[in-house]
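Topology and contacts: notes
Here's the letter readout for the chains.
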Amino acid sequence: MSENRPQMTVQSAVEVVAAVVDVEQGEKVLRIYREERAPVDFVCMAHGTARTEMLDLLGIGETAKAIVMCLASHEVAVRLLKRLGRELQMRYPGRGIAFSIPITGIGVRWHKLLTAADDPHKEAGDMQNTEKNDGFDVVAVVMERGYTNTAMDAARKAGARGGTVISARGIAEDEVKRFFGIEIQAEKEIVFLVVKSEEKQQIMTALMKAVGMKTRSHGIVLSMPLSAAIGLAD
């Protein structure tokens, strides 16, 4: 009976790699993922949060973005970030960002699949040409649709430089609605920002005050550490 029970790793050498790029660059990112044999990838559409006056100055409309993600071992994630930085020239402003987030648990079979090609003798953690994980975190806020500008205004005042917005749909259970005493709307927006670690707390506090659960947007604010990131230099 126990042989058929799904097993999960307690610790994982697997990471999520995410690239946020202009839509037309999405296929290039996918090509890089597949050339590095990342077996699972996801794509979703989003838009940037550049200020209107900046878009007017550049002569462009709303900044449509593609978020291209994959699951990979740490060793493959290192290679992916290096290639994305080099081939998409992310050291220049406006070329997109990419980062990796460590996964703390995953099914054993997936873990074996994703790490099967790793060289056990190769030193992990060679992060040359990337920005180290001791500098950045992802801050995300899931909230009712229509409050993106409110969230970004608060985040910028607290030190954030920009963010990316994804449209989503909530599926909160009835007990969640009863606990908070509010009606959770289905239509959601997810704003995520890559921020300096030392600024994370003040940015999260500002977001909770502006769009948190006690506001009309009923937002959930959370953060995740990054393993590494590129394209974030000031």
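Residues numbered from 1 in each chain as written. Predicted model: local features only at pLDDT ≥ 70, side-chain atom pairs only at ≥ 80, totals over all residues. Heavy atoms only, no water.

**Observations regarding unusual backbone geometry**
At Arg37, a position not held by glycine, the phi torsion is positive, near 65°. Looking at the secondary structure, you find Arg37 in the loop between α1 (26-35) and β2 (40-48). Judged by its relative accessible area of 73%, Arg37 falls in the exposed class. (Helix = DSSP H or I, 4+ residues; strand = E, 2+ residues; numbered from the N terminus. Buried < 20%, exposed > 50% of the residue type's maximum accessible area, 1.4 Å probe, protein only.)

**Quick notes on α1**
When α1 is considered as a whole, its buried residues turn out to be Gly26, Val29, Leu30, Ile32 and Tyr33. Angularly, the buried residues of α1 cover 160° about the axis, an arc narrow enough to put them on a single face. In this structure, α1 carries Glu27 and Arg34 as exposed residues pointing more than 90 degrees from its buried face. Of the surrounding secondary structure, the elements contacted by the buried residues of α1 are β1 (14-22), β2, β3 (64-73) and α3 (74-87). Looking one or two residues past α1, Arg37 carries a phi angle of roughly 65°, positive in sign. (Arc of directions from axis to C-beta. Contact = heavy atoms within 4.5 Å.)

**Focus: the nonpolar core**
One finds Val29, Tyr33, Leu80 and Leu84 to be the most contacted residues of the largest nonpolar core, which totals 22 residues. Of all the secondary structure elements, the ones that give two or more residues to this core are β1, α1, β3, α3 and β10 (228-230). At five residues, the largest contribution of residues to this core is made by α3. Among residues more than four places away in sequence, those in contact with Leu84 are Ala19, Val29, Ile32, Tyr33, Gln89, Met90, Ala98 and Ile230. In this structure, Val141, Ala151, Leu193 and Val221 belong to the second largest nonpolar core, which totals 19 residues. (Core = buried A, V, L, I, M, F, W, Y, C linked by side-chain atoms within 4.5 Å.)

**Quick word on helix α7 (residues 200-211)**
Taking 1.5 Å of rise per residue, 12 residues should cover 16 Å, and α7 covers 16 Å from first to last C-alpha, within 8% of that figure. Looking at α7, one finds that the buried residues are Ile203, Met204, Ala206, Leu207 and Val211. Buried positions in α7, seen along its axis, are confined to an arc of 160° and lie on one side of it. Exposed residues lying more than 90 degrees from the buried face of α7 are Gln201 and Lys209. Next to the buried residues of α7 lie β6 (136-144), α5 (148-157), β8 (187-196) and β9 (220-225). (Expected span 1.5 Å × (residues − 1).)

**Details of the side chain of Arg83**
Structurally, the position occupied by Arg83 is in helix α3. With relative accessibility at 12%, the residue Arg83 sits in the buried group. Polar side-chain contacts of Arg83 include one of 2.7 Å to the side chain of Glu35. Those residues in contact with Arg83, other than ones at most four positions away along the chain, are Arg31, Ile32, Glu35, Glu36 and Leu88. (Polar contact = N/O pair within 3.5 Å; in protein donor to acceptor, adjacent residues only side chain to side chain.)

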